[in-house]
There are 2 protein chains.
Amino acid sequence: SPRLRTRNFASLKPLSSLFAALDTFPERHIGPDDHEVAHMLKTLGYENAQDFLADTVPSKIRVDASSMTNKTIKPLSESELFARAKSLGTENEPSKSYIGMGYHNAVVPPVILRNVFENPQWYTPYTPYQPEVAQGRLESLVNFQTMVTSLTSMDIANASLLDEATAAAEGMVMAYVNAGQRKKTFIVDTGVFPQTLAVLRTRAKGFGINVVVRDVHAAVADESLRSEICGVLVQYPDVSGTIKDYSNLAEAVHSTGGLVVCATDLLALTMLKPPGEWGADIVLGNSARFGVPAGYGGPHAAFFAVTDKLKRKMPGRLIGRSRDATGKPAYRLALQTREQHIRREKATSNICTSQALLANMAAMYAVYHGPVGLRSIAERVHGLTQVVKTAIEGMGYKAVNQEYFDTLTIDVSGATETSDGVHAAATAAGINFRQIDDKHVGVTLDESVGPIDLMSIINVFTSAIQASPLNKSELVLPEKVAIPSSLRRQSEILPHPVFNKHHSETEMLRYINHLASKDIGLVHSMIPLGSCTMKLNSTSSMIPLTWPEFSSVHPFAPIEQAKGYLTVIQELEDDLCKITGFHAASLQPNSGAAGEYAGLSVIRAYHESRGEGHRDICLIPLSAHGTNPASAVMAGLKVVPVKALTDGSLDLADLQAKAEKHKDNLAAFMITYPSTFGVFEDGVQDACKIIHDNGGQVYLDGANLNAQIGFTNPAICGGDVCHMNLHKTFAIPHGGGGPGVGPICVAKHLSPFLPRHPFLPGPQNSKAIDAVSAAPFGSSSIHLISWAYIKMLGGQGLAESSKVALLNANYMAHRLRDHYSLRYKNSNGRVAHELLIDLAEFDQAAGLKVADFAKRLQDYGFHPPTCSWPTPTCMLIEPTESETLEEIDRFCDTMIQIRQEAEDIITGKQPKDNNLLKNAPHPIHVLTLPEDQWNCPYTREQAAYPMPWLLEKKFWPTVSRVDDAYGDLNLICDCPSVEELSSQ
Amino acid sequence: SPRLRTRNFASLKPLSSLFAALDTFPERHIGPDDHEVAHMLKTLGYENAQDFLADTVPSKIRVDASSMTNKTIKPLSESELFARAKSLGTENEPSKSYIGMGYHNAVVPPVILRNVFENPQWYTPYTPYQPEVAQGRLESLVNFQTMVTSLTSMDIANASLLDEATAAAEGMVMAYVNAGQRKKTFIVDTGVFPQTLAVLRTRAKGFGINVVVRDVHAAVADESLRSEICGVLVQYPDVSGTIKDYSNLAEAVHSTGGLVVCATDLLALTMLKPPGEWGADIVLGNSARFGVPAGYGGPHAAFFAVTDKLKRKMPGRLIGRSRDATGKPAYRLALQTREQHIRREKATSNICTSQALLANMAAMYAVYHGPVGLRSIAERVHGLTQVVKTAIEGMGYKAVNQEYFDTLTIDVSGATETSDGVHAAATAAGINFRQIDDKHVGVTLDESVGPIDLMSIINVFTSAIQASPLNKSELVLPEKVAIPSSLRRQSEILPHPVFNKHHSETEMLRYINHLASKDIGLVHSMIPLGSCTMKLNSTSSMIPLTWPEFSSVHPFAPIEQAKGYLTVIQELEDDLCKITGFHAASLQPNSGAAGEYAGLSVIRAYHESRGEGHRDICLIPLSAHGTNPASAVMAGLKVVPVKALTDGSLDLADLQAKAEKHKDNLAAFMITYPSTFGVFEDGVQDACKIIHDNGGQVYLDGANLNAQIGFTNPAICGGDVCHMNLHKTFAIPHGGGGPGVGPICVAKHLSPFLPRHPFLPGPQNSKAIDAVSAAPFGSSSIHLISWAYIKMLGGQGLAESSKVALLNANYMAHRLRDHYSLRYKNSNGRVAHELLIDLAEFDQAAGLKVADFAKRLQDYGFHPPTCSWPTPTCMLIEPTESETLEEIDRFCDTMIQIRQEAEDIITGKQPKDNNLLKNAPHPIHVLTLPEDQWNCPYTREQAAYPMPWLLEKKFWPTVSRVDDAYGDLNLICDCPSVEELSSQ
Ligand SMILES: Cc1ncc(COP(=O)(O)O)c(C=O)c1O
Ligand SMILES: Cc1ncc(COP(=O)(O)O)c(C=O)c1O
Ligand SMILES: O=C([O-])O
């Protein structure tokens, strides 16, 4: 029933209420209104929210209400937020950076900007674990993979990693694992980007790998190293811009049994012999220059490609082609058994959230430009770089590198005293070059450079020597291409139809829209994914991010040019500390898993600083997310599992026993709070005390922080460090599988160890661990989203959100409890912000699996909850505060009706092998089968419209149930070719 | 087959090509690439485009190639366009205007901004003439109508008019017609907005109405006028801000048999007694303050509501509820027989394109805020206005009006010499007030005003008298509401569920997305609507329009604050003159029909200036669009129809005879070129000569200008004036039925007569006709779109576009000619940019109507072409240049296959009353009917997937065929109420 609230003619309002803004955010963010909140409380038997909270959150860990008030964090209205963001944006200098090192001025095709990056149909969906309602972005990610394999000439590529530096670290670890974890030397060429090296050093630590930085040819030739080499990393072209031939190197490395890892640049590869053709085993890099803004460091999609024989060791998500139950081609996540959520501490990596949205943008960029377009862009960038070189060499400067694609390292000494003058002239012209040393300056050109930019670049060099500016007519192009002839690309790129037919904007728009139409997102209905917190991603928080003031800043630009960003970062860190009760934060980690790894590395560094570097045991409950054990291993820890009681809570006795047993080596304990079963455990503080008493530190996995804000916090629970998933609790949209941000907050004693970064000027803490991501502040542009979210809710709005998240979940548990087995609740009968229902009984009774319920939910227009995690027979349901009572009731009614459909199967009214659940989902092409092929013992209407409201509004799966096994057996991870399409 | 274009390693490019931009627009805008163009030419038997053009466009009217070259209009790349637009944007002052008079600072809810205004799913569809694929925006427009009827308390409202001033003109004419066209006096109260008065004066002329501006009570009391009064117009609240009680007036006017027309403000009506409760017959106004940016004058949706007894005389589109073939509720355009396209010169108005997109935004704003939210906004605006009044009265200023909603007319004389000082202080504070006279200043508050703005406003007044600024704590609120108690609203507003349940952003987003998902647009497939030119609406041209630099400018802001806009306007006018061959332009008309009316009024003024004001005959071919005769009548002309020959071209002999017969009174001839049959008539110059020889002027309807650019133009054809539909030829998106822009260009002798406007400062031409739209330059913000379109294509790109538009149409004609009767072509066998096929034979053979083919096209995922216009048995098909060969072939294959389906009906393989065409379209709920209800002699697959590609991509109609007659018989034009919904 609608909420009709008519009012009599108002008497005068007080002045204070006239001054209060009307476009306040909490009312828009939180689904249920006061009326609905009251209704839910009443249904649960409470007079007021206080009583409900008292029953839900253990009193021992309750924090003072004033910890999260509108005084702590003052709320801004939506228009105040815009004004603030605008004014901070103007504090970022509008300089143009030609610094390179993996970051460029991107030209985002407007059709992609508006229809992908700024489109909630693309940015609100979750990771495509439900392929039947995700064929759009699965296809787009396959385009990404195909783009990467074609440009690199490798066999197989994944659907993105977090950034180039962490991708290189993954490559290093793959090389190490490939060599049986025995050879411990990894050679990093001197031409590798410094930020990549920093991240490699951090990562090497956990595995005890020796990173040797040296000219790679010399290192490999060094007999003293050969037998220990598990792999090498080269940058192609290298940081100086030079293009080197690594064919011989590859042979030499292979002869030692090592792997060649190559960091490279997709645009350059349209003109260069691809690494796959000269023997690289692993090829990686940043795809951002394919139409993704710099954003002061990200988010960007790193790519990662390997040879066929390495494919089962590859980290990250991989999309493969398979077929659906009717034999129709269908995409899906492939080889999931490699991933941390299955393999846990044996996984090849901890990566979970990656960079799907940005990978999709890059793939769409390739679709839009096609092979000829990409090549034209590359040729222009290269040609203009040549023009720069010739022009400035005419002034006495000298390019150190004669063979290059887009980057020149310029020796200034023939023209001027030191490089300072050049940088000063650049600054005056609103330009940033790379600062190398006092004799050398780096210049990297990109797609954005046109004639005007070109002249500005060149005339920085005239200006530095007080010469008069050149003009366009004086420029000349050298006589030959500056790419060694043996390294010019001969092979074709991107011959697949998808890259060759969407080149008009109309076609591109239709393709984007068509793919979007296949995917369920928050624009359609509740996505009640437990542990994923699929809440509103408000438009207000999304808008500033694509303003040029924020999107165009290079992550290594001089820090005084990024004042707006630094304020946002500082305020976000402060607010996160207030919320968690901790002392300091780092925003570097660009996913939850990366946060775990960073936090554990901080703990290790802390132990080391106290001479306890030997502490290497990490206790982890069996119920923990797969990233926890995988991250622990990466941080060099040994995982010791801790049992859970049948009610889902920690077995404190087991914990005590394990902690004491390992007390000399105990490094850490990882705990998720509320637990992954959706319960606030009473004993959390006791557990933490046990750990502390035995010399360990407590890592609190903050994925469930949405349950806590304002009522408790990780510090009071007893943690020393926690990560947050800003893409859950703090409303960064999931982007169909990323981006994410996984900052960590730490207690005071751990704060000196928070990660440093080579491109942060000024003194850095000598105790700090090295970088954990490529950019100084990780994926800076999307920090804006969480910053805006927190500022617009204000302290009280944050607490109110958590309260309603708890209430929604408990109301749902109440409505479902007579129909499903609620697996865990506390002694007051309360769950936390999510609920776990166990479907094991249906398997026993009628062979109905979790997936059958999940797929049937799709027929009702819902994205299923988290399936088979944290326990295989369960569904974990999290409504969040953003869902209204009406939507929650709609979901509960659906669940109850599916329960009834299951009952018909159990009682034999419907056959066990041919029924509404087993055959779900029912896409339209199945529902329209001819009479003689409709072999179902129910009507098409029962399949399609089991609830009356579906006639008005229903999201349609586009394929029937996808065959997982078939896809893994017949692994194909790129787009169909011309031949395939024409044979269809 | 895909266009695979691999290339060898390029040799060096010349410098000039390195300097050329890569993000050039023509390649993106024009669908077919060179390869496809060559293929189409070859198919038509041509070696080159020149030969094709020679056969297509008559040589007599060809213009010199240099008339449209890249020298004439230099092309900008997409990024250059952005840079230019940004820099022009900064030339508009960021002042805040509190000028009012129907224009306010709107607060656009971000979720509506991004998901409606900036969403091609909403802005690219056409007018919902095909209701089965347009239920989304039909529902939204019904929300708009309901919002208007509820707030005004009137019986019925239409789905928008062009602006408040033209809506008032429509109201005046309705009053005049209602009084049998005998009473010729229309009283306009002195409190009416001056721009409204200007437009009324223009409009009154054509009908010979006497506009009497006078205090309305006095005028009605004046016995000398009473018997002549057809109606009165009041502004409520009036221009001074005063709220007057018109109940007695209404009685008095009704007693004379006249109508009361009331211009009003929707926000005020949440607090004021609605006009429907005190006796108004027609209520109208601008809905823009409901979340639509000012945009320097528009586009905005005017609303228009009437009492039940006037509903069949109401102008504009009206949406009604009806049912589909299965009885399911469905929306559709109602009472179309009132409109110009049916009634032509007998129509009540010429309005065709209206303001659907903006009406949808306003409706969504009401959905988002709901009754309580709207009322709160109003109360705050009113309260703050009271605060201003009290504060400044404390300084010696005096508000002239004691009863007001948001507007104060302030007498400055108690505080300072003249108003100049106040305006000077305002300017210094970046504020504009209304300039009334040297003693009075107008201030109008709006939703955007918060405490900071409030203090700025108040302290302009302190500053003007050199007093020290007030601060917030010194403010006081008066003791009572400043609305007369008899005029306070008692009745409830917007009780319908739709306005009471989408108040969280998540729900709002889902509602917007759900409605969008029901509508076919250019994001899905070709919309080959003849005469509508549904081409690409590029993202680049759409982006600048929502930048605040452009969206926030008040149309009556001092002209020196709008320099950026004025440059855009000047450049657009210049370019349109180049394109048409004419001398001067006016951008005021905000639709094609408004352009016709403006152009004909200019012609009348010209004749008058030469002492030939008696010339009042307008010759119009029978094939003309309905707006032509309707506009002619509005301009005071008598329509004399001219025959067409069987090949669709003008009957020159008939023209000559009619021209000679009427030579003493011949005013004008209206001709569409190429004709509405899609033919370049050879005799166009001869026809124009006949007219000129007989003292008439030629009006060229430029709806088909897309066929001409660069090869011919209206001037060389012999015209004196033409309008253009910028929403056709110049790529403004159709917005689901508007906005549009219909500028006129005129030959030199007509240029002195182009419309003036009361808010253009400086001397205006004394010969000029009065205003034709409320804002000085019409819907200024969207001029940016056409400006960008022209600038990005450049002269050559424009010509190339026209060439490909002609080629696409001719290729289509070629492919269809063996399957359908092509009704008209020239002696070389060529059509122009569109083709007319005649389906009469199918009706004869098997009772198959045009609609049956159209609805079946929906099953193939296409929006049908224009149906039954210009001749009832035909389809008019226009592909435009933006469609690729693949899309055109897909459409042709579809048409050919439908032809085959028709053949099966003709030959009796399928029954005549139950077949694929008669039953079309087939929505999913029909396709899933149980076996015993599927009574069709074909399979569900044949219905749903008649082509294999539909399995991959298909747009689904959401209802089956809509019953037009039922809806008109049972007219319901509001949203369902609570009761109705609960009884469903
Ligand atoms: C409990 C828990 N911990 C850690 C993670 C990992 O976070 P991310 O996917 O951002 O790497 C998740 C993600 O779902 C989670 O649910
Ligand atoms: C030939 C012709 N003239 C005039 C018009 C009226 O234009 P508008 O709808 O912009 O008022 C149209 C609209 O379709 C048309 O096709
Ligand atoms: O809108 C038309 O009537 O063409």
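Everything quoted here is computed from the prediction, not taken from an experiment.

## Some details on the overall build of chain A
Okay, step 1: Across its full length, chain A holds 36 helices and 25 strands.
Okay, step 2: In terms of C-alpha radius of gyration, chain A reaches 28 Å, essentially the compact-globule figure of 30 Å for 984 residues.
Okay, step 3: Judged by the C-alpha coordinates and their principal axes, chain A covers about 85 × 70 × 70 Å.
Okay, step 4: If you take every contact in chain A between residues at least 6 apart in sequence, the share linking residues at least 24 apart comes to 76%.
Okay, step 5: Here chain A has roughly 29600 Å² of accessible surface; of this, 51% comes from carbon and sulfur atoms.
Okay, step 6: Of the charged side chains in chain A, 87 are positive and 104 negative; the average position of the first set lies 2 Å away from that of the second.

## Side note on the site of ligand 1
Residue and element names in this part refer to chain A.
Okay, step 1: Among the 14 residues in the neighbourhood of ligand 1, the closest are listed as Thr353, Ser531, Gly592, Asp701 and Lys728.
Okay, step 2: Contact between ligand 1 and Ala593: an oxygen atom at 2.7 Å from a main-chain N or O atom of the residue.
Okay, step 3: A distance of 2.7 Å is found between an oxygen atom of ligand 1 and a side-chain nitrogen or oxygen belonging to His727.
Okay, step 4: Notes on ligand 1: free accessible area 390 Å², of which the protein chains cover 98%.
Okay, step 5: In terms of residue count, the dominant contributor to the shell around ligand 1 is helix α24 (residues 592–609) (three residues).
Okay, step 6: When the residues that make up the shell around ligand 1 are grouped by side-chain class, the tally is three nonpolar, eight polar and three charged.

## Description of the packing of aromatic side chains
Okay, step 1: Applying the stated rule across the entire model yields 54 aromatic pairs over all chains.
Okay, step 2: Ring plane angle 80 degrees and centroid distance 4.9 Å describe the contact between Tyr397 of chain A and Phe461 of chain A, whose orientation is recorded as edge-to-face. Residue Tyr397 of chain A is found in the loop between α17 (356–393) and β11 (398–399), and its partner Phe461 of chain A is found in helix α19 (residues 451–464); the two are separated by 64 residues along the sequence.
Okay, step 3: In textbook terms, an aromatic cluster arises when at least three aromatic residues are bridged by ring pairs, as seen for Tyr296, Phe550, Tyr565 and Phe777 of chain A.
Okay, step 4: The cationic tip of Lys954 of chain A hangs over the ring face of Trp956 of chain A; the distance from NZ or CZ to the ring centre is 4.2 Å.
Okay, step 5: Lying across the ring of Trp949 of chain B, Arg890 of chain B places its NZ or CZ 4.5 Å from the centre.

## Regarding the sheet that holds strand β6 (residues 259–264) of chain A
All names here are of chain A.
Okay, step 1: The mixed open sheet is built from seven strands, whose spatial order is β2-β8-β7-β6-β5-β3-β4. Each edge of the sheet is formed by a strand with only one pairing partner; in this case those strands are β2 (156–157) and β4 (210–213).
Okay, step 2: Pairing of strand β7 (residues 282–286) with strand β8 (residues 302–306) involves five bridges; the strand directions are antiparallel. Within β8, the position partnered with Ile282 by the bridge is Val306.
Okay, step 3: Along the sheet, helix α9 (residues 164–178) contacts β3 (185–188), β4, β5 (229–236), β6, β7 and β8; its crossing angle with β8, the most-contacted strand, is approximately 25 degrees.

## Some thoughts on the site of ligand 2
Residues and elements named next belong to chain B.
Okay, step 1: The local shell around ligand 2 holds 14 residues, among which Thr353, Ser531, Gly592, Asp701 and Lys728 are the closest.
Okay, step 2: Interatomic distance of 2.6 Å between a side-chain N/O atom of Ser531 and an oxygen atom of ligand 2.
Okay, step 3: For ligand 2, whose accessible area on its own is 390 Å², the fraction buried by protein is 99%.
Okay, step 4: Broken down by element, the residue count for the shell around ligand 2 peaks at three residues, all from helix α24 (residues 592–609).
Okay, step 5: Along the lines of polarity and charge, the residues of the shell around ligand 2 split into three nonpolar, eight polar and three charged.

## Examining the confidence of the model for chain A
Residues and elements named next belong to chain A.
Okay, step 1: Scored by pLDDT, chain A has a mean of 95; 99% of the residues are at 70 or more.
Okay, step 2: Here residues 1–10 is modelled with pLDDT under 50, and outside its nearest four sequence neighbours on either side it reaches 28 contacts, counting other chains as well.
Okay, step 3: For this predicted complex, the interface confidence reaches an ipTM of 0.97, while the overall pTM sits at 0.98.

## Let's talk about the relation of the copies chain B and chain A
Okay, step 1: Once chain B has been moved 0.0 Å along the axis and rotated by 180 degrees, it coincides with chain A to within an RMSD of 0.0 Å. With respect to symmetry, the two chain copies, as superposed, fit the operation of a two-fold axis. Identified as the residue of chain B closest to the rotation axis by C-alpha distance is Thr928 of chain B, at 3.3 Å.
Okay, step 2: A share of 100% of interface residues in chain B that are also interface residues in chain A marks the association as one of identical surfaces.

The rules behind each value
- Residues numbered from 1 in each chain as written.
- Chains lettered and ligands numbered in written order.
- Predicted model: local features only at pLDDT ≥ 70, side-chain atom pairs only at ≥ 80, totals over all residues.
- Heavy atoms only, no water.
- Helix = DSSP H or I, 4+ residues; strand = E, 2+ residues; numbered from the N terminus.
- Rg over C-alpha atoms; globule rule 2.2 N^0.38 Å.
- Contact = heavy atoms within 4.5 Å.
- Areas by Shrake-Rupley, 256 points an atom, 1.4 Å probe, with all protein chains shown as cover.
- Lys, Arg positive; Asp, Glu negative; His and termini not counted.
- Charge placed at Lys NZ, Arg CZ, Asp CG, Glu CD.
- Near = heavy atom within 4 Å.
- Polar contact = N/O pair within 3.5 Å; in protein donor to acceptor, adjacent residues only side chain to side chain.
- Nonpolar A, V, L, I, M, F, W, Y, C, P; charged D, E, K, R; others polar.
- Phe/Tyr/Trp six-rings, centres within 6.5 Å; stacked < 30°, edge-to-face > 60°.
- Lys NZ or Arg CZ within 6 Å of the ring centre and 35° of its normal.
- Pairing = 2+ DSSP bridges.
- Axes fitted to C-alpha atoms, helices over the stretch in contact; angles between N-to-C directions.
- pLDDT = per-residue confidence, 0-100.
- Least-squares fit on C-alpha atoms with pLDDT ≥ 70 in both.

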